[in-house]
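For reference, the chains in residue letters:
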Amino acid sequence: MYHTFRKAGAAVLAVLCAASLFAMTGCDDETTSLQPVESEYVVPVPDEKVDETTDGAELSGKVGEEIVYQENIIFKVDAVRELDKMRSASTRILFFEVSVTNNSDKELDLSFLTHFSAEVGDKTYEAGHSAVANQQATRYYYEKGLSLLHAPVPAKADATDANPNTVKGIVPVMVSADWKEVNLVYMPQKYTTNDRVVVTADEASIQHITETETE
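I will try to describe carefully the structure that is included in this document.

Conventions adopted
- Residues numbered from 1 in each chain as written.
- Predicted model: local features only at pLDDT ≥ 70, side-chain atom pairs only at ≥ 80, totals over all residues.
- Heavy atoms only, no water.
- Helix = DSSP H or I, 4+ residues; strand = E, 2+ residues; numbered from the N terminus.
- Contact = heavy atoms within 4.5 Å.
- Pairing = 2+ DSSP bridges.
- Axes fitted to C-alpha atoms, helices over the stretch in contact; angles between N-to-C directions.
- Buried < 20%, exposed > 50% of the residue type's maximum accessible area, 1.4 Å probe, protein only.
- Salt bridge = Lys/Arg side-chain N within 4 Å of Asp/Glu carboxyl O.
- Phe/Tyr/Trp six-rings, centres within 6.5 Å; stacked < 30°, edge-to-face > 60°.

Along the chain, the position of Ser117 falls in strand 7 (residues 116–120). The residues contacting Ser117, other than those within four sequence positions of it, are Thr124, Tyr125, Glu126, Ala127, Asn183, Leu184 and Val185.

With that settled, consider the sheet that holds strand 7. Across the sheet, five strands lie side by side as 3-11-10-7-8; this open sheet has mixed pairing. One side of each edge strand has no neighbouring strand; the edge strands of this open sheet are strand 3 (58–62) and strand 8 (123–126). The average angle at which neighbouring strand axes cross in this sheet is 25°, direction not considered. With five bridges joining them, strand 3 and strand 11 (residues 196–202) adopt parallel strand pairing. Across the sheet, Leu59 pairs through a bridge with Val197, a residue of strand 11.

The subject of this paragraph is the environment of Glu181. Mapped onto the elements of the fold, Glu181 is located in strand 10 (residues 181–186). Sequence separation between Glu181 and Ser205 is 24 residues, and the spatial gap between their C-alpha atoms is 9.8 Å. The residues contacting Glu181, other than those within four sequence positions of it, are Glu119, Val120, Thr200, Ala201 and Asp202.

Quick look at unusual backbone geometry now. Notably, Gln70 is not glycine yet its phi reads approximately 50°, a positive angle. Tracing the sequence through the fold places Gln70 in the loop between strand 4 (66–69) and strand 5 (73–83). Residue Gln70 is classed as partly exposed on the basis of its relative accessible area of 46%.

Right, let's get into the pairing of strand 11. Two faces make up the sheet, and in a regular strand the side chains alternate between them. By the bridge criterion, six bridges tie strand 10 to strand 11 in an arrangement that is antiparallel. The partner of Val185 across the bridge, within strand 11, is Val198.

Let us now look at the pattern of salt bridges. If the charged atoms of two oppositely charged side chains come close together, the side chains can form a pair. In this structure the tally under the stated criterion is eight salt bridges. Between Glu58 and Arg196 there is a salt bridge; the shortest N-O distance is 3.0 Å. Taken together, the residues Glu58 in strand 3 and Arg196 in strand 11 connect sequence positions 138 residues apart. In this structure, Glu203 and Arg92 form a salt bridge, with 2.8 Å as the shortest nitrogen-oxygen distance. Separated by 111 residues along the polypeptide, Glu203 in the loop between strand 11 and strand 12 (206–209) and Arg92 in strand 6 (residues 91–102) bring together distant segments of the chain. Taking relative accessible area as the criterion, Glu203 reaches 35% and is therefore assigned partly exposed.

Turning our eyes to something else, we now look at the packing of aromatic side chains. Under the criterion given, the structure shown has six aromatic pairs. Taking 4.7 Å as the distance between ring centres and 25° as the angle between the ring planes, the aromatic pair formed by Phe75 and Tyr186 counts as stacked. One end of the pair, Phe75, is in strand 5; the other, Tyr186, is in strand 10, with 111 residues separating them in the sequence. For the pair Tyr140 and Tyr141, a centre-to-centre distance of 4.8 Å together with 85° between the ring planes defines the contact as edge-to-face. Under the relative-accessibility criterion, Tyr141 is labelled buried at 1%.

Right, here's the structure in full:
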């Protein structure tokens, strides 16, 4: 049995409201033409979740490589971009552009808030926990037709042109500034297994968003 976990739901709505507000106002006092994006989708949480200490399978790859999980879920990090103007001596903001294809016979739950994290050495940074990163991603990608990854992916048999079984979206994270490699961790079956899909990005794979691109 599944239930809607209220705290998780509240966190989702709070983040999305923040992103919506940012989309309308921008990062300063000037009004922009951006419109708010609303969503009531909340990832369901089972009554009995997998123990976090239970080992899971792990698949690994690099930016630009397709990784196939259990023969029917295809995951790919298409690109990783850094927002240069937000870099500080201690932190960096990265936008992972990802695509997920669901060839299974069941709908696939998917959200940047629950299914993703970033690892730098022995430190873990949960995606969605930086309001600044979420807001900046919402602003940058709005006119590019991409949004924060937060919607279930239909089963292959249920897919339509309007609701395809391949989705593309953004996973924004704020990580420490001192790293040579950063791992994006995707957990396809969050709450039921600890299986991980890990994509490694190094400095050479980062594409930089300049000041003029964000004006």
